[in-house]
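A structural walkthrough
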Amino acid sequence: MRDKRFFVGIGLLLLAIGGLAQTPKDVLIIGMSHEPIIDFAPARVYEFEGAFVLEQVYDQLVNFIGGEEAFTKIEPGLAQSWEVSEDGLTWTFHLRQDAKFHSGNPVTADAVVFSFRRSLERHEPPIWILEQFVPEKDTIQKVDDFTVAVTTNQPLGEMLMAAVLGYQGICSILDPAVVEAHATPDDPYAARWLAEHDAGSGPYILKEWRKRDRIVLEAFPDYWRGTPPIRQVIIKDIPDPTAQKLALERGDIDIAWNLLPEMIADLKGKPGIQIVETPSWYFHYAAMNLGYKPFSDVRVRQAVRYAIDYDAITEGLMAGAAVKCHTIVPVGMFGHLDLLYHQDVEKARELMRQAGYENGFEVELLTRTDPPYPDIAAQIKQDLKQINIEVKVTAMMYSQLLKLYRAQQHQMVLVRWGVDYADPSAQAAPFAHCRTAGPEAEIKQIAWRNMYCPSGVTDWVEQAAGERDSRKRELLYKAIQAVVLEEGPYVILHNPLIQIATRDVVKGLEVPPMWYYTELLSVSKE
Amino acid sequence: MAFVLFGVMTIVFFISHVVPADPVAAMLGGQAPPELIEEVRAKWNLDKPVYQQYLIYIWRLIHGDLGTAISTGQPVAEDLLLYFPATFELATMATVLSVLLGISLGVISAVKRGRLADHFSRVLALSGISMPVFWLGLLMLLLFYYLLGWLPGAGQLPYYMSRPPRVTGLILIDSLISGRFDAFTSALRHMVMPALVLSFYGVAAISRITRSSMLDVLQEEYINTARAKGLREMAVITKHALKNAMLPVSTIAGITYGRLLEGSVITETIFAWPGLGRYATNAFLSVDFPAVVGSTMLIALLYAVTNLIVDISYAYLNPKIRYA
């Protein structure tokens, strides 16, 4: 007993010596893992961390702001208004005339045309997001100094247009004068210079980037939405979550970006700390390949969905740091259908019996080696055993798994999917559009990989992308989700929460479901 | 040495190409459309047969080009130059610590054999060899940074401090060159914990070897002679015994240094150290062939060099070897 008191005493003493650091009021220090960062060259950036930095230093024509409801309405960006032609193909954007680049040059129609054409010409991986609707350079035209027209290859819903043109990686607007000043004959678009500098008009200027060390952003005083309250943002590379947590608790950093759910649970309610949470737009899902005979029977796929203990996975394994979502359009996205499966083993057994599989079958489930995949796979194995399906779990490196998955060489997989841009078509096209499961298919995405080719639903997917009546569009997406949930090859589990811990002096941090759209412009410190 | 490097390169090249994983898949994730994947594969020559890729690689290597890393988009040589200095600095510091602490502990426990100091150093050695690095690193961070606040946390410099201009890439040297003494002392303080963590294993191994080697030497008759002719005990131990006991120690120290120069992914991750360990591990995980082959060749080269240094030090420590 006395010993215990002694140690508590020593502990308190040590705490007192330790003291608490505090960062300056106009400097925001963020701890974040820099591991995935490649560089900050617009048209190439495809990593979340890189896109997050572009979000601060560049503007796009349209904008999304706020937290959970961020992608439900479109805000003006460099374009203060826009309209679409009768045929739904040509979007005309009217630029605001008070926006300036960091160089002091005005943002003009020429800059917009230059930036889009630059992205299309560079043709780096994320270009497909724009190219699927705007494949030709000539379809982006200057009308006058502050008006631009973009013609798409099919009519688009307004939300879809905004989701694509608001995507930082491809559709950020660059200062042509600055780009040209740093261009070289073998690098005409100054990709090398832009890798670590910026030519943007955003609220922050990219001041310094030391690889695997820190990124320094400085406020742009002439920003058209007003000078940011924070003078300097330092994004410090702290790859280890525990080290991030300690630094936050010590007060050496203001925001810890990559804490694990159990650390967040531990920090909740601690003085001086607050937690910002939003359901993310990525999900864990299992998929069954219809090319594997038992799964070609829709009753077997339904039986699998009824057999799974969703509570054990989402509440138990994910420690509640996720919200259930069983449809392909995630919670909070336009058109989301709130329909959930519930475990019903009796019904699952009955479906297996009807399908002639009451004695079950064996199946190999491929999954990743990193948490939480092996745990979820073990739960699925246990659940499916109840309906006599013998699951053999094979965990492998993601790059190895993807090779098999892309070649339709799996029986069942457990992986994740993240939304590419803020519109249900980004989900419907990969998960529900498939005309043929053969090698001649046009889109070889998730539905194709699992040889799920519903012709009626595929028609709806095409129709919904171009539907301009937003009410009808929403209904179409709900119908697509309902059918895919009922007969599709997927067991979609949940959207994990994005959980970010900050010191309580940090105000105004709102994290949208795609966290790299977080705007630091609204953040201040008390 | 050139043959060794060439052999290592060839083996690693083929091993990394028969791994059934797709680097482009690792880079683009699960969502990119197939045409795009083909385009990227062609860009990196991954669509060609392995032997052709190998010939292309050798051709470039002859021209001093290690290729471009898929995971960073930068030339591998530039990446290695960027990340190796941090590891070199830390490994050197850790080896110096291992040698100093290890030899002192070993000598003390040999001389005070069976006494308290001997037991203490045995426990330390045992825990140094058996304690996992991530545990030790986190424990130290918790104690000296979080609870006591004596030492700074993760990173090479305080978060708000800008780095001195890069000349050598070694932060201590660069701080001195640019006259940034604030950066020098901060960087030194930041280095203490990771260097200690990395040195722990070396201290354990070196102190044990020093002890047993010293015990052997202390049995020798010339030690009795030295004592008999009236030399002070201190002189007997340092001048006569220690130098002769150093031969096995220098081997262990050399191996330790070689091992540390590879970089330690765990220590570098916990202490946010921008070193080779994290770079190489990341390259392995993303199946980034050029970076994997480049880092492996650098590591092989470092091993060869440290071995050479150990061999040379033998000759210094034992003149008999010089003429052998």
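Let me sum up the structure you'll find in this document.

What counts, and at which threshold
Residues numbered from 1 in each chain as written. Chains lettered and ligands numbered in written order. Predicted model: local features only at pLDDT ≥ 70, side-chain atom pairs only at ≥ 80, totals over all residues. Heavy atoms only, no water. Helix = DSSP H or I, 4+ residues; strand = E, 2+ residues; numbered from the N terminus. Buried < 20%, exposed > 50% of the residue type's maximum accessible area, 1.4 Å probe, protein only. Contact = heavy atoms within 4.5 Å. Areas by Shrake-Rupley, 256 points an atom, 1.4 Å probe, with all protein chains shown as cover. Lys, Arg positive; Asp, Glu negative; His and termini not counted. Charge placed at Lys NZ, Arg CZ, Asp CG, Glu CD. Rg over C-alpha atoms; globule rule 2.2 N^0.38 Å. Polar contact = N/O pair within 3.5 Å; in protein donor to acceptor, adjacent residues only side chain to side chain. Buried area = accessible area lost by both parts, 1.4 Å probe. Salt bridge = Lys/Arg side-chain N within 4 Å of Asp/Glu carboxyl O. Phe/Tyr/Trp six-rings, centres within 6.5 Å; stacked < 30°, edge-to-face > 60°. Axes fitted to C-alpha atoms, helices over the stretch in contact; angles between N-to-C directions. Parallel < 35°, antiparallel > 145°, perpendicular 65-115°, else oblique. Left-handed = near helix turned anticlockwise from the far one by under 90°. Nonpolar A, V, L, I, M, F, W, Y, C, P; charged D, E, K, R; others polar.

Quick word on the overall build of chain B
Counting secondary structure elements, chain B contains 15 helices and zero strands. In terms of principal-axis extent, the alpha carbons of chain B reach across some 85 × 55 × 40 Å. Per-residue burial over chain B gives 51% buried out of 324 residues. In chain B, 70% of the contacts between residues at least 6 apart in sequence involve partners at least 24 apart. For chain B, the accessible surface area stands at approximately 15300 Å², while carbon and sulfur atoms represent 70% of it. Taking the average place of the 23 positive charges on the side chains of chain B and the average place of its 20 negative ones, the gap between the two points comes to 16 Å.

What to know about the overall build of chain A
Secondary structure assignment for chain A yields 19 helices and 20 strands. Against the 2.2 N^0.38 benchmark of 24 Å for 526 residues, chain A shows a C-alpha radius of gyration of 25 Å, consistent with a compact globule. Summarising its shape, the C-alpha atoms of chain A cover approximately 85 × 70 × 45 Å along the three principal directions. Burial analysis of chain A (526 residues in total) assigns 60% to the buried set. The long-range fraction of contacts in chain A, counting pairs at least 24 apart against all pairs at least 6 apart in sequence, stands at 71%. When the accessible surface of chain A is totalled, it reaches about 19800 Å², and 52% of it is carbon and sulfur. Of the charged side chains in chain A, 52 are positive and 72 negative; the average position of the first set lies 5 Å away from that of the second.

Quick word on the side chain of glutamine 481 of chain A
Residues and elements named next belong to chain A. Its place among the elements puts glutamine 481 in helix α19 (residues 470-487). Residue class for glutamine 481 comes out buried when judged on its relative accessible area of 1%. Among the polar contacts listed, one links the side chain of glutamine 481 to the side chain of threonine 327, at a separation of 3.3 Å. Only 2.6 Å separates the side chain of glutamine 481 from the backbone oxygen of glycine 335, close enough to count as a polar contact.

Concerning the interface of chain A and chain B
Contact with chain A, which involves 46 residues of that partner, is made by 55 residues of chain B. Both sides of the chain A and chain B interface together cover about 4300 Å² of buried area, and 58% of this is carbon and sulfur. Its largest share of buried area at the contact with chain B, chain A owes to Arg212, Leu246 and Arg406 of chain A, together 15% of the area lost on that side. The tally of links between chain A and chain B comes to three salt bridges. Note that arginine 163 of chain B is salt-bridged to aspartate 213 of chain A, the shortest N-O span being 3.9 Å. One can count eight residue pairs in polar contact (both at pLDDT 80 or more) joining chain A with chain B. Of all the secondary-structure elements, those providing two or more residues to the side of chain A that touches chain B are α1 (2-18), β8 (204-210), β10 (232-237), α9 (241-250), α15 (398-406) and β17 (412-418) of chain A.

Quick notes on the packing of aromatic side chains
All names here are of chain A. Following the criterion strictly, the structure yields 35 aromatic pairs over all chains and no others. For the ring pair phenylalanine 283 and tyrosine 285, a centre distance of 6.0 Å and an interplane angle of 80° mean the geometry is edge-to-face. A single burial state applies to phenylalanine 283 and to tyrosine 285, both of which are buried. Here the aromatic rings of tryptophan 417 and phenylalanine 431 are separated by 5.1 Å at their centres, their planes lie at 85°, and the arrangement is edge-to-face. Separated by 14 residues along the polypeptide, tryptophan 417 in strand β17 and phenylalanine 431 in helix α16 (residues 425-432) bring together distant segments of the chain. One exposure class covers both tryptophan 417 and phenylalanine 431, and it is buried. Put simply, the rings of Phe48, Phe52, Phe64, Phe71, Trp257, Trp281, Trp515, Tyr516 and Tyr517 touch in pairs and so form one group of aromatic residues.

Quick notes on the packing of helix α5 (residues 76-111) of chain B against helix α6 (residues 116-130) of chain B
Residue and element names in this part refer to chain B. Orientation of α5 relative to α6, taken along the N-to-C sense of each, is 140°, at an axis distance of 8 Å. By the angle between their directions, the pair α5 and α6 is classed as oblique. Regarding α5 and α6, the two cross each other, and that crossing is left-handed. Across the interface between the two elements, Leu105, Ile108 and Ser109 of α5 pack against Ala117, Asp118, Ser121 and Leu124 of α6. For the contact of α5 with α6, a count of residues per class yields four nonpolar, two polar and one charged.

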